[in-house]
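# Structural features, examined
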4 protein chains.
Amino acid sequence: MTLWGGRFSGKLDPAAWALNASIGFDQRMAQQDVRGSLAWARALERAGLLSAEENVQISAGLQAVASEFEQGSFQIQESDEDIHTAVERRLGELIGQLAGKLHTGRSRNDQVATDFRMWLLDHVPALDGALRSLQESLIQRAESDIDVLMPGYTHLQRAQPVLLSHWWLAHFWPLQRDRQRLKELALRTSSLPLGAGALAGAPFAIDRQALAQDLGFHSPAPNSIDAVSDRDFAAEFLFCAALAGTHLSRLAEALVLFCSAEFGFFALSDAYATGSSLMPQKKNPDLFELARGRTGALLGDLINLLATLKGLPSAYDKDLQEDKPAVFHAYDTLAALLPVMANALQSLGVRAERMRAAIDPGMLATDLADYLVAKGIPFRQAHALAGQAVSLASDRGMALDQMPLEMYQSLSAVFGQDVYAVFDPRQSISRRSALGGTAPVAVAAQLAQARALFAE
Amino acid sequence: MTLWGGRFSGKLDPAAWALNASIGFDQRMAQQDVRGSLAWARALERAGLLSAEENVQISAGLQAVASEFEQGSFQIQESDEDIHTAVERRLGELIGQLAGKLHTGRSRNDQVATDFRMWLLDHVPALDGALRSLQESLIQRAESDIDVLMPGYTHLQRAQPVLLSHWWLAHFWPLQRDRQRLKELALRTSSLPLGAGALAGAPFAIDRQALAQDLGFHSPAPNSIDAVSDRDFAAEFLFCAALAGTHLSRLAEALVLFCSAEFGFFALSDAYATGSSLMPQKKNPDLFELARGRTGALLGDLINLLATLKGLPSAYDKDLQEDKPAVFHAYDTLAALLPVMANALQSLGVRAERMRAAIDPGMLATDLADYLVAKGIPFRQAHALAGQAVSLASDRGMALDQMPLEMYQSLSAVFGQDVYAVFDPRQSISRRSALGGTAPVAVAAQLAQARALFAE
Amino acid sequence: MTLWGGRFSGKLDPAAWALNASIGFDQRMAQQDVRGSLAWARALERAGLLSAEENVQISAGLQAVASEFEQGSFQIQESDEDIHTAVERRLGELIGQLAGKLHTGRSRNDQVATDFRMWLLDHVPALDGALRSLQESLIQRAESDIDVLMPGYTHLQRAQPVLLSHWWLAHFWPLQRDRQRLKELALRTSSLPLGAGALAGAPFAIDRQALAQDLGFHSPAPNSIDAVSDRDFAAEFLFCAALAGTHLSRLAEALVLFCSAEFGFFALSDAYATGSSLMPQKKNPDLFELARGRTGALLGDLINLLATLKGLPSAYDKDLQEDKPAVFHAYDTLAALLPVMANALQSLGVRAERMRAAIDPGMLATDLADYLVAKGIPFRQAHALAGQAVSLASDRGMALDQMPLEMYQSLSAVFGQDVYAVFDPRQSISRRSALGGTAPVAVAAQLAQARALFAE
Amino acid sequence: MTLWGGRFSGKLDPAAWALNASIGFDQRMAQQDVRGSLAWARALERAGLLSAEENVQISAGLQAVASEFEQGSFQIQESDEDIHTAVERRLGELIGQLAGKLHTGRSRNDQVATDFRMWLLDHVPALDGALRSLQESLIQRAESDIDVLMPGYTHLQRAQPVLLSHWWLAHFWPLQRDRQRLKELALRTSSLPLGAGALAGAPFAIDRQALAQDLGFHSPAPNSIDAVSDRDFAAEFLFCAALAGTHLSRLAEALVLFCSAEFGFFALSDAYATGSSLMPQKKNPDLFELARGRTGALLGDLINLLATLKGLPSAYDKDLQEDKPAVFHAYDTLAALLPVMANALQSLGVRAERMRAAIDPGMLATDLADYLVAKGIPFRQAHALAGQAVSLASDRGMALDQMPLEMYQSLSAVFGQDVYAVFDPRQSISRRSALGGTAPVAVAAQLAQARALFAE
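Report on the accompanying structure. Since the model is a prediction, treat every value here as computed from it, not as a measurement. (Residues numbered from 1 in each chain as written. Chains lettered and ligands numbered in written order. Predicted model: local features only at pLDDT ≥ 70, side-chain atom pairs only at ≥ 80, totals over all residues. Heavy atoms only, no water.)

## Here's the deal with the relation of the copies chain C and chain D
When chain C is brought onto chain D, the operation consists of a screw motion whose angular component is 180 degrees and whose axial shift is 0.0 Å, with 0.0 Å RMSD remaining. Such a combination of turn and shift is consistent with a two-fold rotation axis. Both copies present the same face, since 100% of the interface residues in chain C are matched by interface residues at the equivalent positions in chain D. (Least-squares fit on C-alpha atoms with pLDDT ≥ 70 in both. Contact = heavy atoms within 4.5 Å.)

## Some details on the side chain of Asp323(C)
Residues and elements named next belong to chain C. With respect to the helices, strands and loops of the structure, Asp323 is situated in helix H13 (residues 323-347). Judged by its relative accessible area of 0%, Asp323 falls in the buried class. Beyond its immediate stretch of four places on either side in the chain, Asp323 contacts Phe116, Arg231 and Leu305. (Helix = DSSP H or I, 4+ residues; strand = E, 2+ residues; numbered from the N terminus. Buried < 20%, exposed > 50% of the residue type's maximum accessible area, 1.4 Å probe, protein only.)

## Some words on the interface of chain C and chain D
On the chain D side, the residues contacting the 106 residues of chain C number 106 residues. When chain C packs against chain D, the two sides together hide about 8700 Å² of surface, and 59% of this comes from carbon and sulfur. Its largest share of buried area at the contact with chain D, chain C owes to Arg250(C), Lys310(C) and Arg380(C), together 9% of the area lost on that side. One salt bridge in this structure joins Asp230(C) and Arg177(D), with 3.2 Å as the shortest N-O distance. Inspection of the region where chain C meets chain D yields 50 residue pairs in polar contact (both at pLDDT 80 or more). Looking at which element gives the most residues to the side of chain C that touches chain D, the answer is helix H11 (residues 232-258) of chain C, with 13 residues. (Buried area = accessible area lost by both parts, 1.4 Å probe. Salt bridge = Lys/Arg side-chain N within 4 Å of Asp/Glu carboxyl O. Polar contact = N/O pair within 3.5 Å; in protein donor to acceptor, adjacent residues only side chain to side chain.)

## Some thoughts on the state of the cysteines
Following the criterion strictly, the structure yields zero disulfides over all chains and no others. No disulfide involves Cys240(A); its sulfur sits 9.9 Å from that of Cys240(B), the nearest cysteine. (Disulfide = S-S within 2.5 Å.)

## So, the side chain of Ser277(D)
Tracing the backbone through its elements, the reader meets Ser277(D) in the loop between strand S5 (266-267) and helix H12 (286-310). Residue Ser277(D) is classed as buried on the basis of its relative accessible area, which comes to 2%. A polar side-chain atom of Ser277(D) sits 2.8 Å from a polar atom in the side chain of His103(B). In this structure the side chain of Ser277(D) is engaged in a polar contact, spanning 3.1 Å, whose partner is the backbone nitrogen of Arg108(B).

## What to know about the pattern of salt bridges
Pairing between side chains of opposite charge can happen when the charged atoms of each approach one another. Residue and element names in this part refer to chain C. One pass over the structure, following the stated rule, counts 144 salt bridges over all chains. Between Arg89 and Asp80 there is a salt bridge, with its nearest N and O atoms 2.6 Å apart. Neither residue differs from the other here; Arg89 and Asp80 are each classed as buried. Notably, a salt bridge pairs Asp367 with Arg432, separated by 3.1 Å at the nearest N-O pair.

## Some words on helix H8 (residues 172-189) of chain B
Across its 18 residues, H8(B) extends 26 Å between first and last C-alpha, which sits within 8% of the 26 Å expected from 1.5 Å per residue. Of all 18 residues making up H8(B), 15 are buried, and the element is well covered by its neighbours. (Expected span 1.5 Å × (residues − 1).)

## Brief notes about the pairing of strand S2 (residues 157-163) of chain C
Residues and elements named next belong to chain C. In terms of burial, S2 is a largely internal element, seven of the seven residues being buried. Pairing of strand S1 (residues 149-154) with S2 involves six bridges; the strand directions are antiparallel. Within S2, the residue paired with Pro151 across the bridge is Pro161. As consecutive antiparallel partners, S1 and S2 are separated by two residues, and within that stretch His155 has a phi angle of approximately 55 degrees, a positive value. (Pairing = 2+ DSSP bridges.)

## Thoughts on the interface of chain A and chain B
Counting residues at the interface gives 106 residues for chain A, matched by 106 residues for chain B. For the pair chain A and chain B, the two sides together bury roughly 8700 Å², of which 59% comes from carbon and sulfur. Counting the surface chain A buries against chain B, the share from its top three residues, Arg250(A), Lys310(A) and Arg380(A), is 9%. Our count for the chain A to chain B interface comes out at 14 salt bridges. The residue Arg188(B) makes a salt bridge to Glu184(A) at a minimum N-O spacing of 2.8 Å. At 13 residues, the largest contribution of residues to the side of chain A that touches chain B is made by helix H11 (residues 232-258) of chain A. Among the residues forming the side of chain A that touches chain B, the class breakdown is 47 nonpolar, 37 polar and 22 charged. (Nonpolar A, V, L, I, M, F, W, Y, C, P; charged D, E, K, R; others polar.)

## Digging into helix H15 (residues 365-374) of chain A
All names here are of chain A. Counting buried residues along H15, nine of its 10 residues qualify, which places the element largely inside the surrounding structure. Where H15 is buried, its residues contact strand S2 (157-163), helix H16 (379-396), helix H17 (405-411) and helix H18 (425-431). At the exit of H15 stands Gly376, carrying a positive phi of roughly 100 degrees.

## Some points on the packing of H11(C) against helix H11 (residues 232-258) of chain D
Running from N to C, H11(C) and H11(D) cross one another at 155 degrees; their axes reach a closest spacing of 11 Å. Here H11(C) lies roughly antiparallel to H11(D), going by the angle between them. Crossing geometry of H11(C) relative to H11(D) is assigned as right-handed. Residue-level contacts link Asp232(C), Ala235(C), Glu236(C), Phe239(C), Leu243(C) and His247(C) of H11(C) to Asp232(D), Ala235(D), Glu236(D), Phe239(D), Leu243(D) and His247(D) of H11(D). For the contact of H11(C) with H11(D), the residue count by class is six nonpolar, two polar and four charged. (Axes fitted to C-alpha atoms, helices over the stretch in contact; angles between N-to-C directions. Parallel < 35°, antiparallel > 145°, perpendicular 65-115°, else oblique. Left-handed = near helix turned anticlockwise from the far one by under 90°.)

## Some remarks on the packing of helix H12 (residues 286-310) of chain A against helix H12 (residues 286-310) of chain C
Axis separation between H12(A) and H12(C) bottoms out at 7 Å; the angle between their running directions is 150 degrees. On the basis of the axis angle, H12(A) is roughly antiparallel to H12(C). The crossing of H12(A) and H12(C) is right-handed. Within the contact between the two elements, H12(A) uses Gly293(A), Gly296(A), Ala297(A), Leu299(A), Gly300(A), Ile303(A), Asn304(A), Ala307(A) and Thr308(A) and H12(C) uses Gly293(C), Gly296(C), Ala297(C), Leu299(C), Gly300(C), Ile303(C), Asn304(C), Ala307(C) and Thr308(C).

## Focus on the packing of aromatic side chains
Within a pair of aromatic rings, the relevant descriptors are the distance that separates the centres and the angle that separates the planes. Counting across every chain of the model gives 80 aromatic pairs over all chains. On the numbers, 4.9 Å between centres and 85 degrees between planes, the contact of Phe172(B) with Trp173(B) is edge-to-face. Classification of Trp173(B) by relative accessible area gives buried; the value is 5%. Relative to Phe258(D), the ring of Trp167(D) lies with its centre 5.3 Å away and its plane at 45 degrees, an arrangement referred to as tilted. Linking Trp167(D) in helix H7 (residues 164-170) with Phe258(D) in helix H11, this pair joins segments that are 91 residues apart in sequence. Residue Phe258(D) is classed as buried on the basis of its relative accessible area, which comes to 4%. Looking at Arg28(A), its charged tip hangs above the ring of Phe328(A), at a distance of 4.8 Å from the centre. (Phe/Tyr/Trp six-rings, centres within 6.5 Å; stacked < 30°, edge-to-face > 60°. Lys NZ or Arg CZ within 6 Å of the ring centre and 35° of its normal.)

Listed below in structure tokens is the structure:
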């Protein structure tokens, strides 16, 4: 059975059928399809197109269909072109010809757009929760690693010492932005296509405000043509997913570095590492590598939909069917990655002594310049002097904090014995106490802010 | 002069210099750089790092630099690596060594992120205005074309008749979503990096709340490492641009179709068409084609930045410099396309008679099914009967509205003489009066809603 | 069982295991994995690492494993991390501890790269064949539609009349280029990684030339580090697939247009069209729309791999595992689309009279200019005169071939009575007889060339 | 002046003009445009459409135009829509009305496609040369660093020792593949569109074989419609550029790592490093970071063109104009990056002692397993024993080569005193002497092969 055979005499070529059928992936929206149909039946009753008794029967039938899906007993048949067809076919088997009244005034165009939005609205909270779990993991690490000093990097060169807690929190905020974007996206998604028909609107007195309320949508879509052709919400979701994936990838990239023998900042737990079939000594950060690797596919999903949309005129074209594999794939990817990342972070062993040892005195050169600034030297000149000190120390093969005072004074008479106090990284960190800085007091405030936002 | 030569003895290779220098594109942020420096000088004064007198001198110097940029008299020199260097170099020429105090506690990392966000915040309103102009153009067309009937399409096959006004408005709402996204993006962009230093925060008592207020930012960025490495705002802008471009492309695709001889729905004005160097009769919709063609580059800009970000660990890496060419290009593309689109829409001649003629009676087959529904036949059965009527008419080479009653009755006795009333497209349109539908009453309501939102 | 547990005391977290395991998709390379192992066993024997007897036993065991895969009786177990592990695990069950000798000197890094290249080399011919089928379909159409005239378009505006055969053949050549690219890609893919070990090469006297010959590879990869990290062949395949998809999409886009009521050039067969659940009259070109729609995902697959590769240093990283889902997906997409397209083309009904009717006299304006050129007027001036004729005819609401001679002569005295002969489209077509042109003689030559190349 | 004004009465809107004009970027093809026109004039003469005298005059005029471009004295005027218009306009100024004969039988559609292919064919050798320079730089490094041992990595974990020369050569082969792809692409590009007219072919007796020969093309394009709409060569170039960029990015990523303090394998020269405006000690690998960062834009260029092509039907549409900015940008990016990379490699200081120190005995664990294999233990069991040895040593805080024999023998009695000979990395390297391996003898052979191929 198809829902459209009336005017056709020939049958679809089997290979074409296989290409055309979407039941393989859209059955994932079975519950949404039934819920949408239940609400549509109520709307038809309100509009006088179904009697109360008919609605009761149809609704009972739909509930039975939903139960079959829930219990896994629903039998998809080869002739079920898509989930809408499957549900209506089964409904007919259960309640007879009355099932044929359900599709009154509705098209698969507005139906699928509704199902898909409902599916997304149903799953955004789960994704938000998964992002939140990773945030919680970061906060916990920030709390427990509060006393650990590490080198901060720019250009992958040692730059300035920071608190490890501060570094963990640097990965909290991008996820907070991801969650905010998802929230805004959800509101935009909550615009109901149902009642738009194929493209021209519903020909009966359907109360779309009531229908939207019934289905928990914010409001009915304001234009029926836009309602069936708009896939902005899917593109926006794919962008949010790609950017969230990018955040995971950046964190993972850093962790892969920090788990290398050369950095040696973290020790991998056996629960989140794998070995080599050839090299017995290997312990590999596969999970972090996969977080990077799978993000490539999230970028692909995004470009997939945008490239497809770009070529279409407005209104519904079959190409739009391909929105779902992309969105489902992106969702599944993040839903698999996020909890593993959250747990993997907890399992990392912190090698504080390696981190501390990596803070060489050269990283305090900015503090050396600031020391001169405090003595009244303009920063630009102070920067040059500190640079010369670095150069001089390097030429002599000395560390900055080992260089004798007279060598400093050969550069500028302003240098005094107090210069050596500069080279305490904990002091350096503590000086950066302005809001958002790495000083313990600022990090404590940041943690409080993160905790508060996160609890929202 | 570079801002970093102190520890270096050799000079950068000239080809490497050319590759490295960003002045070619970042000079576009000259005004933002100066404004940011003015605020930073005030922050330094508040923190006691500049005297009031020093701030007055520095500010006067910066104002002079800004004037030179405004008047086009600023001379960029080959040694100006970037806009920050150029401004500080010139300031030094104007006010001497005191200029060297300006960079105290600041890094180009937080400075460039601040400049770039300011530039974006300065330009979002212009883009919003350009989107608004196109919306206004669509509203005007919807108002003036209110009486025109056209065929609505799905799968590029004639589907159901709609009002041309309704079709124009179908392109209004995507732009409304674009504007909403830009608004949200602007709020997220309004998080101030300045005071984050290179990555660890400001080592002096900089009041970043006051600094944010001074520069008109919503709030200071909460984490200094994130502050210098976050380019989410740029990626989000590029996504908004790519999606807005996609909307233009979809509208343009439809207009190219509708301007073809075969559709013939619109006549191109000479002001928005070009000809052929070979074929004297040609009148081509180049502008609409370019709206499609340039959207490809917007997708490219987006993938450019995402692919780059994906590979980076957190914190500042030089790769981030490449965010600006992408964002500038995307902005320029939309800023050029939108006004031309807005005007080109106005210039189109509507060929209402061609549109009306394209509404063949077959497009009323859904209404035929609905006619049977009104007579008590379940929709699914009604759909099949209408399909058979289409098939029968097609076999006999007749239009649906020409097929004699007995042929209808050969399919079902329910058909009566009143069936012919179905085939009036204006009636069909009027029936779709539910919210968001194409009926004149619904379109009038939609227009009012559009006008109201638009005025916000 | 994993192949790497020796040094590990803890177990992998179950969610991490699920994320890490690739057996879900790499089992598709089972036959290649076994074939590669058979050749490796022979290489080990040649190098004196297996006795002849041992090789016989291992080979018999591997053959048994291959049979199980072929017959579908192979039982994948939850602990089978990947296809390599599954095969070695099963081999051990069949032949005991001797199975443990197979992996001598081999790593999964060189093994998987070999399997994957073999898989691709095994499947390129099938893809080539599918492209060839579509080419054959185009040639057949070109042969049977040789007498049909149609309007040729540029900018979707009617440009010049062409033969429908010529238009069909315009889609033959891009596929020829696709096939050429695949052929070149196959040669590049035929570089054998096996023997590269994890990255440093084989520590035993493995004869990699003989091994390459044994496996049918062109040559052994020249550098062991490159051998395990090179995924150029996969990226190149994804590009070939994306471009081939783009060719399908462009053809499909044209066919969707030409199947619209407005163009009406082709009639869809029931075997390659679908209907609407709401609108009984609809007959939609879904298959062509899907050819466009699925190409988006091919672009996504390409960008997926490139973005992932871009961020990796040389040598093997786990991210590379994600190359396979992308390549398999791209292959499957084309393998499903191409035969349907080939058959769908055959099923199209040509509406020659609609095509002929769409050739309006304005399309002969270039011929009008050429007519003037033949009378000695420089082309640029001739073009302007023809343009004025078009404009004059348009003002008077006349077709060019209906405009009286005196009106032509009002533009230039050169016009004579013979001007009306210009407006025969068949003449216009015949004049374009230079190589590659649309004249019947040129198209016949082109067809012969296509047939010859195609047969290669 | 436009080349198409005849039938137009109104003028193009100025903003539309600005959007439409391509002279801003296509003037880059001025020399190609002139050369194409010179050949076209000769073809017209051969076809009897120009007299010998006329050809002489036109050719002299075109030569004069070419000289003006070469000397920089050509004045582009605001009314020059594109390079074709500019050249014809100037020719008219120089030789009068005869210039109007040049465009006979030609369209800008076949002209621009010809110019663009010529431009690409002119520039592929330069790109090939730039790739070759980088290869030469790699070969030189491989030759001079032949005695240096370094740790090889997989998953960024220390895997097995390799020769630095071997690692350098691992980056030679991808570039060789890039060059091979460019060569194949050039042959495919060498298909001449000229003579295809707007789309239907040349209406005069143009000898396109002779024309192709005259312009140095391999052959004339076989189908005029395909000839004007085919942009495969541009897409293929953009793919080659994106993949070459990816190779640069991967090399750069590795170098950024190896220049970090933690790896410390290479010392940056002042000529290829930059500093920090804030941190006086910093020395940053900006050039390598830019090689990564700019590759993002190469991916963007590729997706740009593919997304645009995907939506177009066959034949020329204005969207195709956007192919040129993408190709020019990709070319310029690589042309700027490659020589800097080649020189930067030469400038790197090798810190051989750091590399040697990073080879810890654990990296010989595979050799330990191979030692057991040599004693007759199946590899899988040997791997497990070696893994247990790693684990045991790690538990005791010992290096593998420090662990006493009795501890080894507690794992297996097979271990003998000779086990300690395993831990010499130079021995390990030498054992990998099979073709493509890291042993000095194999690397020497590889170098010879590289030198030979490279010289081709």
